[in-house]
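Working through the structure, step by step
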Amino acid sequence: MSLLRVAGRPLLASMFVAGGMNSVRNPEAVTPLAEPVVRPLTERVALLPDRTEQVVRLSGGVQVAAGILLGLGRLPRLSALALAATLVPTTVAGHRFWEAEDPAERAQQRIHFLKNLSMLGGLLIAADDTGGSPSWLWRGRHTARGLRRDAGLVRRSVRVTAGPAATIGGLRAKLPG
C-alpha cells in the first residue's frame, strides 16, 4: 500500500469519527437542525427510525464505524461510500447557508458547506480507489477475454485435427475388415 493511502485514509476518516462520536453522545445538539432533512427521509425510507434523534444517532454510528474502517484500510471502498451517504444529508441539514440572513453567518455556513463538498469528493475518490489492484469489473472483463481466446484456440484445434481424422476414418471404413 502506498504511503499516500496509509496517511490519507486516516486523515480523511478522522473528521467522521470525531463528528460521529459527537452525534452518538449528544444527538440533541443537532436534532433541531436535522429535523427538516430527516422528516422527508423517514417518510420515504421505511427502515429508518421515526424519531429524528435516533436517526442522528444512527448516522453518527455509521460515521464512527465506517470512519474507523476507512482509517484502518479495512473495506475502504465500502467505508468511503457509507461515509459519503451520511455526509450528504448532514451537509444539507447542518449548513443551509441559503437560509442564513446575517451575511457573516451565511459566509461561514457556505465555507462549511463547500468544505463538506470537498470531503465528499475525497470520499468518492477513495470509493473508486482500488489500491493498485485491478477492479472487479476489469478482472471480469479480462477473464472473459481470456476464455474467448481459449475457446477460439480449441475451435481451431478441432477444425485442424477433425479433417484428417475424418479422412482416415472414412478410409478405414472402406477397407475390408
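Above this text is the structure in question.
Described in the following lines is the structure provided in the data block. Keep in mind that what you see is a predicted model, and the values were worked out from it rather than measured.

In this section: the overall build of the protein. Across its full length, the protein holds six helices and zero strands. N-terminal to C-terminal, the α/β element order of the protein is α-α-α-α-α-α. On C-alpha atoms alone, the protein measures out to a radius of gyration of 29 Å, which is more than a quarter above the 16 Å that the 2.2 N^0.38 rule sets for 177 residues. Taking the principal axes of the C-alpha coordinates as reference, the protein spans close to 105 × 40 × 30 Å. Of all 177 residues assigned to the protein, the portion counted as buried reaches 25%. Total accessible area on the protein stands at roughly 11900 Å², and carbon and sulfur atoms take up 66% of it. Between the centroid of the 23 positive side chains of the protein and the centroid of its 12 negative side chains there is a distance of 24 Å.

Counting 13 residues, the largest nonpolar core has F16, L70, A80, L83, L87 and L123 as its most contacted members. Of all the secondary structure elements, the ones that give two or more residues to this core are α1 (3-25), α3 (52-72), α4 (76-94) and α5 (103-128). Broken down by element, the residue count for this core peaks at five residues, all from α5.

Our focus in this paragraph is the packing of aromatic side chains. One pass over the structure, following the stated rule, counts three aromatic pairs. Between F97 and W98 the ring centres are 5.2 Å apart and the planes differ by 80°, which places this aromatic pair in the edge-to-face class. When its relative accessible area of 41% is taken as the criterion, W98 is described as partly exposed.

Our focus in this paragraph is the pattern of salt bridges. For the structure shown, the criterion picks out six salt bridges. For R57, the salt bridge identified is with E53, shortest N-O distance 3.4 Å. You can see R57 and its partner E53 sitting in helix α3, four residues apart, about one turn around the helix. For R57, a relative accessible area of 35% translates into the label partly exposed.

Let's shift gears to α4. Under the 1.5 Å per step criterion, the end-to-end length of α4 is 26 Å for 19 residues, consistent within 8% with the ideal 27 Å. Every buried residue of α4 is listed here: P76, S79, A80, L83, A84, T86, L87, T91 and A93.

What follows deals with the packing of α4 against α5. Interhelical geometry of α4 versus α5 gives an angle of 165° and a closest axis separation of 8 Å. One finds that α4 runs roughly antiparallel with respect to α5. Between α4 and α5 the crossing geometry is left-handed. Where α4 approaches α5, its residues R77, A80, L81, L83, A84, L87, V88, T91 and G94 are matched on the opposing element by Q109, F113, N116, M119, L120, L123, L124, A126, A127 and D128.

Our next topic: unusual backbone geometry. Of note, L75 is a non-glycine position whose phi angle comes to about 45°, a positive value. Positionally, L75 belongs in the loop between α3 and α4. Using a relative accessible area of 54% as the deciding quantity, one classes L75 as exposed.

Time to look at the side chain of T31. Note that T31 resides in helix α2 (residues 31-44). For T31, a relative accessible area of 17% gives the class buried. In this structure, T31 is in contact with T52, E53 and V56, ignoring residues within four places of it in sequence.

In this section: a nonpolar patch on the surface. Together, L69, L75 and L78 give the surface a local cluster of nonpolar side chains, amounting to about 290 Å² of exposed area. Take L78: it is sitting in helix α4. Given a relative accessible area of 56%, L78 falls into the exposed group.

Thresholds, definitions, all that
Residues numbered from 1 in each chain as written. Predicted model: local features only at pLDDT ≥ 70, side-chain atom pairs only at ≥ 80, totals over all residues. Heavy atoms only, no water. Helix = DSSP H or I, 4+ residues; strand = E, 2+ residues; numbered from the N terminus. Rg over C-alpha atoms; globule rule 2.2 N^0.38 Å. Buried < 20%, exposed > 50% of the residue type's maximum accessible area, 1.4 Å probe, protein only. Areas by Shrake-Rupley, 256 points an atom, 1.4 Å probe, with all protein chains shown as cover. Lys, Arg positive; Asp, Glu negative; His and termini not counted. Charge placed at Lys NZ, Arg CZ, Asp CG, Glu CD. Core = buried A, V, L, I, M, F, W, Y, C linked by side-chain atoms within 4.5 Å. Phe/Tyr/Trp six-rings, centres within 6.5 Å; stacked < 30°, edge-to-face > 60°. Salt bridge = Lys/Arg side-chain N within 4 Å of Asp/Glu carboxyl O. Expected span 1.5 Å × (residues − 1). Axes fitted to C-alpha atoms, helices over the stretch in contact; angles between N-to-C directions. Parallel < 35°, antiparallel > 145°, perpendicular 65-115°, else oblique. Left-handed = near helix turned anticlockwise from the far one by under 90°. Contact = heavy atoms within 4.5 Å. Patch = residues over 30% accessible without salt bridge, like charges linked within 9 Å, V, L, I, M, F, W, Y side chains within 5 Å.

Shape descriptors only; they carry no functional weight alone.
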